[in-house]
Amino acid sequence: MLNIVLFGPPGAGKGTQSNQLIEKYGLIHLSTGDIFRANIKGKTKLGVLAKGFIDKGQLVPDEVTINLLKSEAQKVENPKGFIFDGFPRTNKQAVALDDFLLEIGTSITQMISLDVDEEELKSRLELRAKDSGRVDDADPAVIQNRINVYRQETAPVKDYYSGQDKWMKIDGQGTIEAITQRLFDAIDSL
Ligand code: ADP
């Protein structure tokens, strides 16, 4: 199986690029952010719980997120592989993901970070707020909180994978097509 963690701060382009990768490699896209948003829209119990954290720019608690991710991954029969987008976001989630993949007889192939500078990230989130209707993109204080949480809790997850010699970064700036091509090249070289 090919199992990629697509990594980067809010606005790095993980969702956009995941959509390009699933087609070429036949992978299953697991975005915890998308799953939470679908639950919020459907007004499920999980959605109500998650909304309280997401609207403030905080992480949803690990236990909830880990259980959710596992149950979504288990729904898929004979997957060729997964793209994890927005997960793992803490070291605890990374350990849980390794344990889970081991149970199903596979492992992470590579974490790929999309490298984008902070000015560019902020302007992308501002643009996205205009058409996505995402509450967490609309308020500068919430965006700042997400960036802070990313720095403190999520960025260290990179070290978890580089410790396993499974980390690389690619330039996340330029046209969508150019970045996709860099990702194809990176994955094909694995
Ligand atoms: P972005 O990367 O643009 O901030 P996402 O769509 O990945 O957005 O996530 C939106 C929000 O959902 C996050 O700010 C967080 O509150 C919550 N969330 C998503 N994934 C996780 C996760 N793995 N652990 C905890 N919370 C998460």
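As the structure is a computational prediction, the values presented were derived from the model and not from experiment. (Residues numbered from 1 in each chain as written. Predicted model: local features only at pLDDT ≥ 70, side-chain atom pairs only at ≥ 80, totals over all residues. Heavy atoms only, no water.)

A. Region of interest: the sheet that holds strand β2 (residues 28-31). Spatial ordering of the open sheet is given by β2-β3-β1-β4-β5, a layout of five strands whose pairing is parallel. Looking at which strands have only one partner, the edges of the open sheet turn out to be β2 and β5 (167-171). Sheet twist, expressed as the mean angle between neighbouring strand axes with direction ignored, is 25°. For β2 and strand β3 (residues 81-85), the ladder comprises four bridges, and the chain directions are parallel. For His29, the partnering residue across the bridge sits in β3 and is Ile83. (Pairing = 2+ DSSP bridges. Helix = DSSP H or I, 4+ residues; strand = E, 2+ residues; numbered from the N terminus. Axes fitted to C-alpha atoms, helices over the stretch in contact; angles between N-to-C directions.)

B. Molecular detail of the side chain of Asp98. As for its placement among the helices and strands, Asp98 is situated in helix α5 (residues 91-103). Of note is the side chain of Asp98, whose polar atom sits 2.9 Å from the side chain of Gln164. Setting aside residues no more than four positions away along its own chain, Asp98 makes contact with Ile108, Tyr160 and Gln164. (Polar contact = N/O pair within 3.5 Å; in protein donor to acceptor, adjacent residues only side chain to side chain. Contact = heavy atoms within 4.5 Å.)

C. Representation of the site of the ligand. Residues in close proximity to the ligand total 20 residues, the closest being Thr32, Arg37, Gln58, Gly86 and Arg128. In this structure, a nitrogen atom belonging to the ligand sits 3.0 Å away from a side-chain N or O atom of Arg89. In the model, an oxygen atom of the ligand is placed 2.8 Å from a nitrogen or oxygen of the Arg128 side chain. With four residues, the single largest contributor to the shell around the ligand is helix α2 (residues 32-41). The residue inventory of the shell around the ligand, partitioned by class, reads six nonpolar, seven polar and seven charged. (Near = heavy atom within 4 Å. Nonpolar A, V, L, I, M, F, W, Y, C, P; charged D, E, K, R; others polar.)

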